[in-house]
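Structural features, examined
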Amino acid sequence: MVITEKEIWHYLEDVPDPEIPVISVLDLGVVRNVEITEDEKVNVTITPTYSGCPAMSAISISIRKKLIQQGLRNINIINQLSPSWTTDWMTEEGKQKMKAYGIAPPTKNASSDDLFSDEQNIECPQCGSTDTRLISQFGSTACKAMYQCNDCHEPFDYFKCHH
Amino acid sequence: MTSTVYQNNQNYIDFILHLADTNLILAQRLCEWCGHGPILEQDIAISNIALDLLGQTSNYYNYAAELIGNGATEDTLAMLRNEREYKNLLLTELPNGHFGDTIVRQFFYDSFHYFLLEQFLKVKDLKLQSIVEKSLKEVKYHTKWSSEWMIRLGDGTQESHDKIQEALNNVLPYVGEMFIAAPYQKALIEEGLIPDPINFKAAWLAKVNDILEEATLTADIENTYPQKGGKVGVHTEHLGFILTDLQYMQRTYPNLQW
């Protein structure tokens, strides 16, 4: 059986992010490369969202498990730090799924380069209002911040921008 | 593939260990807050910052282990070195105290850490550069968080102002060490392998003074005599207790794994 790189990418569409299971590891943008070597070894290169992200080993295991289920045996998962992950690598579809799940997706250009300013105009995933305020820079995980909507008053998680 | 410039270069290894140890000890301190934060959101924020620092520590230790060879791993470096081998900044081993004490300690380290990493983006060592590139994005959020709290507490009630001003006075002697190069660091600076923290001291000071002014706090950073020694293994009495906690399992049950 000859398997192509395209098929492997396709298999990975079904590997969920362990913390936000509605999006896949491809939606999240952590899979950087898939390569089949001449001796039929599969190299999957992934990059962490955060240095200390505890989900990375879970993601690594899920990818391996998925590929084993597809009959592959010679699998090598490579962890790569640079270029470092950015929320720009998240798919548009992933952002929409995240929003439907109740987490405000990262807004392009929301992150100001000014070291001491907050991310503004974050859209409430419940009612769509942009009249929202920051509660805390850090939410349930390092990749999220806590916001509250000033219109519908619902608190929500915002997936922080990383450029 | 690691270049021979870095392999077996004891100064370089010591410097990477200094970066790792500083993050590890601060992360360990911050973890002491877990479940004890003043409010849930801030308890979570502190743990998240600790997690980022710990992740960065792991990257540095793995790299140092690669340079050292001889079976060194990130675990042996963290768990089996003694107090005098640890090269963390004294600042990071100071006790948590009250929330304001923790905030001041964090503010000085975060702001320094941010400028340091920004300078290190330019190092020639691609491996170190990749760790730095990743860390910088995280530290930006740490700096925002602790700066915001400096302002909130300083420019808050009379009580919060007095408490954080006192915390600031207590921490001040431990700030200068960040800018004093240890002998191994000096050698690397002279060889052009790493930048000198003095290069960004003025920019750092300006930023810190902006925040302090907004927070209605005062600190004469330049004229405070600095306590030093952490970078070369001479520590305050606190580090031994931290390591006793940190290394307990591995020291009590050698080679324990789970």
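Residues numbered from 1 in each chain as written. Chains lettered and ligands numbered in written order. Predicted model: local features only at pLDDT ≥ 70, side-chain atom pairs only at ≥ 80, totals over all residues. Heavy atoms only, no water.

As named in an unreviewed UniProt entry, chain B is Phenylacetic acid degradation protein, taken from Chishuiella changwenlii.

In the annotation of an unreviewed UniProt entry, chain A is listed under the name Phenylacetate-CoA oxygenase subunit PaaJ and assigned to Chishuiella changwenlii.

Observations concerning a negative patch on the surface
Together, Asp155, Asp210, Glu213 and Glu214 of chain B make up a region of like negative charge exposed at the surface. Note on placement: glutamate 214 of chain B falls in helix α9 (residues 201–214). (Patch = residues over 30% accessible without salt bridge, like charges linked within 9 Å, V, L, I, M, F, W, Y side chains within 5 Å. Areas by Shrake-Rupley, 256 points an atom, 1.4 Å probe, with all protein chains shown as cover. Salt bridge = Lys/Arg side-chain N within 4 Å of Asp/Glu carboxyl O. Lys, Arg positive; Asp, Glu negative; His and termini not counted. Charge placed at Lys NZ, Arg CZ, Asp CG, Glu CD. Helix = DSSP H or I, 4+ residues; strand = E, 2+ residues; numbered from the N terminus.)

What to know about the UniProt feature "domain: MIP18 family-like" (unreviewed entry) in chain A
As annotated in UniProt, the feature "domain: MIP18 family-like" (unreviewed entry) corresponds to residues 6–67 of chain A in the numbering used here. Across residues 6–67 of chain A one finds 39% helix and 18% strand; the C-alpha atoms that close the span lie 13 Å apart. (UniProt positions renumbered as here; feature names shortened; annotations may be inferred.)

Considering the environment of serine 136 of chain A
By the element assignment, serine 136 of chain A lies in strand β5 (residues 132–136). For the pair serine 136 of chain A and aspartate 157 of chain A, spaced 21 residues apart in sequence, the C-alpha to C-alpha distance is 9.8 Å. Apart from the residues within four sequence positions on either side, serine 136 of chain A is in contact with Ala145 and Met146 of chain A together with Glu41, Gln42 and Ala45 of chain B. (Contact = heavy atoms within 4.5 Å.)

What to know about the pattern of salt bridges
Per the stated rule, a full pass over the model turns up 11 salt bridges over all chains. Lysine 66 of chain A is paired through a salt bridge with aspartate 14 of chain A; the nearest N and O atoms lie 3.6 Å apart. Note that lysine 66 of chain A is positioned in helix α3 (residues 55–69) and aspartate 14 of chain A in the loop between α1 (5–12) and α2 (25–28), a separation of 52 residues in sequence. With relative accessibility at 15%, the residue lysine 66 of chain A sits in the buried group. Residue aspartate 14 of chain A is classed as exposed on the basis of its relative accessible area of 53%. With a shortest N-O distance of 3.4 Å, glutamate 222 of chain B and lysine 201 of chain B are connected by a salt bridge. You can see glutamate 222 of chain B sitting in the loop between α9 and α10 (238–252) and its partner lysine 201 of chain B sitting in helix α9, a full 21 residues away along the chain. Residues joined in a network through salt bridges with shared partners are Asp27, Glu93 and Lys97 of chain A. (Buried < 20%, exposed > 50% of the residue type's maximum accessible area, 1.4 Å probe, protein only.)

Some thoughts on the side chain of lysine 137 of chain B
For lysine 137 of chain B, the position within the fold is in helix α6 (residues 126–154). One buried charged residue, lysine 137 of chain B, forms no salt bridge at all, with the nearest opposite charge on glutamate 133 of chain B at 5.6 Å. In terms of polar contacts, lysine 137 of chain B uses its side chain to reach the side chain of serine 84 of chain A, at 3.2 Å. Within the local environment of lysine 137 of chain B, its side chain forms a polar contact with the backbone oxygen of tryptophan 85 of chain A, the two atoms lying 2.8 Å apart. (Polar contact = N/O pair within 3.5 Å; in protein donor to acceptor, adjacent residues only side chain to side chain.)

Quick notes on the domain arrangement of chain A
Residue and element names in this part refer to chain A. In terms of domains, chain A is made up of domain 1 (5–85) and domain 2 (89–159). Listed as interface residues are 15 residues of domain 1 and, on the opposing side, 13 residues of domain 2. Both faces combined, the contact of domain 1 with domain 2 buries some 1300 Å², and carbon together with sulfur accounts for 71% of it. Across the domain 1-domain 2 interface, the total number found is 1 salt bridge. In this structure, the salt-bridge partner of aspartate 27 is lysine 97, at a minimum N-O distance of 2.9 Å. (Domains from an automatic or database assignment. Buried area = accessible area lost by both parts, 1.4 Å probe.)

What to know about the side chain of aspartate 110 of chain B
All names here are of chain B. Structurally, the position occupied by aspartate 110 is in helix α5 (residues 99–120). Within the buried core, aspartate 110 has no salt-bridge partner, and the shortest N-O distance to an opposite charge, that of arginine 105, equals 9.2 Å. In contact with aspartate 110, other than residues within four places in its own chain, are Val139, His142, Thr143 and Ser146.

Looking at the packing of aromatic side chains
For the structure on display, the rule yields 15 aromatic pairs over all chains. Ring centres of tyrosine 6 of chain B and tyrosine 12 of chain B lie 4.6 Å apart, and the angle between their planes is 35 degrees; on these two criteria the pair is classed as tilted. Accessibility assignment for this pair places tyrosine 6 of chain B and tyrosine 12 of chain B in one class, buried. Measuring from centroid to centroid gives 5.2 Å for phenylalanine 112 of chain B and phenylalanine 179 of chain B, while their planes differ by 85 degrees, and the two rings are edge-to-face. Of this pair, phenylalanine 112 of chain B sits in helix α5 while phenylalanine 179 of chain B sits in the loop between α7 (158–171) and α8 (183–190), and the two are 67 residues apart along the sequence. The pair phenylalanine 112 of chain B / phenylalanine 179 of chain B is uniform in exposure class, with both members buried. Three or more aromatic residues link up through ring pairs in this structure, and these residues are Phe107, Phe108, Phe112, Tyr114, Phe115, Phe179, Phe200 and Trp204 of chain B. We note lysine 160 of chain A situated over the ring of tyrosine 141 of chain B; from NZ or CZ to the ring centre the distance is 4.3 Å. (Phe/Tyr/Trp six-rings, centres within 6.5 Å; stacked < 30°, edge-to-face > 60°. Lys NZ or Arg CZ within 6 Å of the ring centre and 35° of its normal.)

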